[in-house]
Amino acid sequence: MEFGLHYTEQGEGTPFLLLHGNGGRFAYFMHQITHFSNQYRVIAVDTRGHGESPRGDAPFSLTQFAEDLKCLLDTLKLKKVILLGFSDGGNIAMLFTLRYPEYVSCLILNGANFYPNGLKPTVRIPMLLGYIRTSCCSTISRRAKAKKELLGLMVKEPYISPEELHKIQVPTLVIAGDKDMIKQTHTEQLAAHIPNSRLVIMKGDHFIARKEPSVFNCEVEKFLDEMYHGSNNVAY
């Protein structure tokens with residue numbers, strides 16, 4: 001059976017792709033789909049093995065998810081998209097932009113990290129312990145195997161060097177909560193390593209797009225307004 005990602009779309013205009021986080025699905029972005037579809041063609045995707053997208057037989061990795069995204073965009077005949085990724089979705093978005101820069105007009109990274117230690121220890125240590133536990137049971141339990149795969153994405157990935165981040169040339173918004181599970185210093189470093197980037201730290205936790213949609217959408221909208229209705233050469 002041919003593999004294909006599940007997605008939903010709403011609105012018309014410039015394509016605006018939304019990538020959810022680990023263990024999530026497209027509905028995480030319900031407030032963004034409703035808001036931005038008034039001006040853009042919003043396409044919210046279920047990552048491989050998430051939501052209604054099949055697991056398939058390919059490796060369960062962020063790199064594979066970036067390849068899946070390219071296949072989807074090729075199928076839809078889309079290039080020069082706005083790409084917004086949350087958490088692991090942000091990590092996929094970075095990997096995709098590095099590999100296929102011609103597909104991306106601008107990038108929005110929400111709660112992303114460029115290596116696993118970017119997570120706060122209070123999050124990373126329980127995650128590591130959970131990965132060890134599920135690894136022990138993964139040969140006898142499908143549920144444990146699936147959980148191991150999800151945890152493995154955060155325990156082992158991504159590893160993007162500062163030198164690679166410097167290669168991201170598209171205008172980029174780096175946005176996170178001041179109580180995010182990603183260390184704020186790590187988020188600041190992420191923005192510092194991307195040449196044409198803007199950093200916004202909001203009040204809130206990792207899930208600001210869902211919990212604080214009005215403020216989050218406003219910050220994203222300001223960034224996009226400058227991109228598409230102001231100068232396209234704005235330096236951040």
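Residues numbered from 1 in each chain as written. Predicted model: local features only at pLDDT ≥ 70, side-chain atom pairs only at ≥ 80, totals over all residues. Heavy atoms only, no water.

Considerations on helix 3 (residues 88–99)
Compared with the 16 Å implied by 1.5 Å per residue over twelve residues, the 17 Å span of helix 3 between its first and last C-alpha is a close match. When you tally the buried positions in helix 3, you get ten out of twelve residues, the bulk of the element. (Helix = DSSP H or I, 4+ residues; strand = E, 2+ residues; numbered from the N terminus. Expected span 1.5 Å × (residues − 1). Buried < 20%, exposed > 50% of the residue type's maximum accessible area, 1.4 Å probe, protein only.)

Regarding the packing of aromatic side chains
Counted under the stated rule, the structure contains ten aromatic pairs. Here the aromatic rings of Tyr100 and Tyr103 are separated by 5.9 Å at their centres, their planes lie at 70 degrees, and the arrangement is edge-to-face. Of the residues examined, Tyr100 reaches a relative accessible area of 14% and is grouped as buried. Given the relative accessible area of 4%, Tyr103 is considered buried. In this structure an aromatic cluster arises from ring pairing among Tyr28, Phe29, Phe86 and Phe207. Seen from the ring of Tyr103, Lys79 lies directly overhead, with NZ or CZ sitting 5.0 Å from the centre. (Phe/Tyr/Trp six-rings, centres within 6.5 Å; stacked < 30°, edge-to-face > 60°. Lys NZ or Arg CZ within 6 Å of the ring centre and 35° of its normal.)

Notes on a nonpolar patch on the surface
Taken together, the side chains of Ile125, Leu129 and Ile132 make up a nonpolar region of the molecular surface, amounting to roughly 280 Å² of accessible area. Topologically, Leu129 is positioned in helix 4 (residues 121–137). Under the relative-accessibility criterion, Leu129 is labelled partly exposed at 46%. (Patch = residues over 30% accessible without salt bridge, like charges linked within 9 Å, V, L, I, M, F, W, Y side chains within 5 Å. Areas by Shrake-Rupley, 256 points an atom, 1.4 Å probe, with all protein chains shown as cover. Salt bridge = Lys/Arg side-chain N within 4 Å of Asp/Glu carboxyl O.)

Looking at the pairing of strand 4 (residues 81–86)
The buried fraction of strand 4 is high, at six of six residues. Where burial is concerned, the two faces of strand 4 agree: the one with Val81, Leu83 and Gly85 and the one with Ile82, Leu84 and Phe86 are both buried. In terms of strand pairing, strand 4 meets strand 5 (residues 104–110) through six bridges, oriented parallel. Residue pairing for strand 5: Phe86 is matched across the bridge by Asn110. At this point the chain moves from strand 4, through helix 3, to the parallel strand 5, and the crossover so formed is right-handed. (Pairing = 2+ DSSP bridges. Right-handed = clockwise from strand over helix to strand, strands pointing away.)

Some words on unusual backbone geometry
Residue Pro158 follows Glu157 across a cis peptide bond; omega there is -10 degrees. Considering the arrangement of structural elements, one finds Pro158 in the loop between helix 5 (142–156) and helix 6 (162–165). Located in the positive-phi region is Lys77, a residue other than glycine, with phi close to 55 degrees. Relative to the assigned elements, Lys77 resides in the loop between helix 2 (62–76) and strand 4. Using a relative accessible area of 73% as the deciding quantity, one classes Lys77 as exposed. The backbone of Ser87 sits at a positive phi, close to 55 degrees, despite the residue not being glycine. Assignment of secondary structure puts Ser87 in the loop between strand 4 and helix 3.

A look at the confidence of the model for the protein chain
Averaged over every residue, the pLDDT of the protein chain is 94; the share at 70 or more is 96%. Counting interchain partners and residues more than four positions distant, the pLDDT-below-50 stretch residues 231–236 has 13 contacts. (pLDDT = per-residue confidence, 0-100. Contact = heavy atoms within 4.5 Å.)

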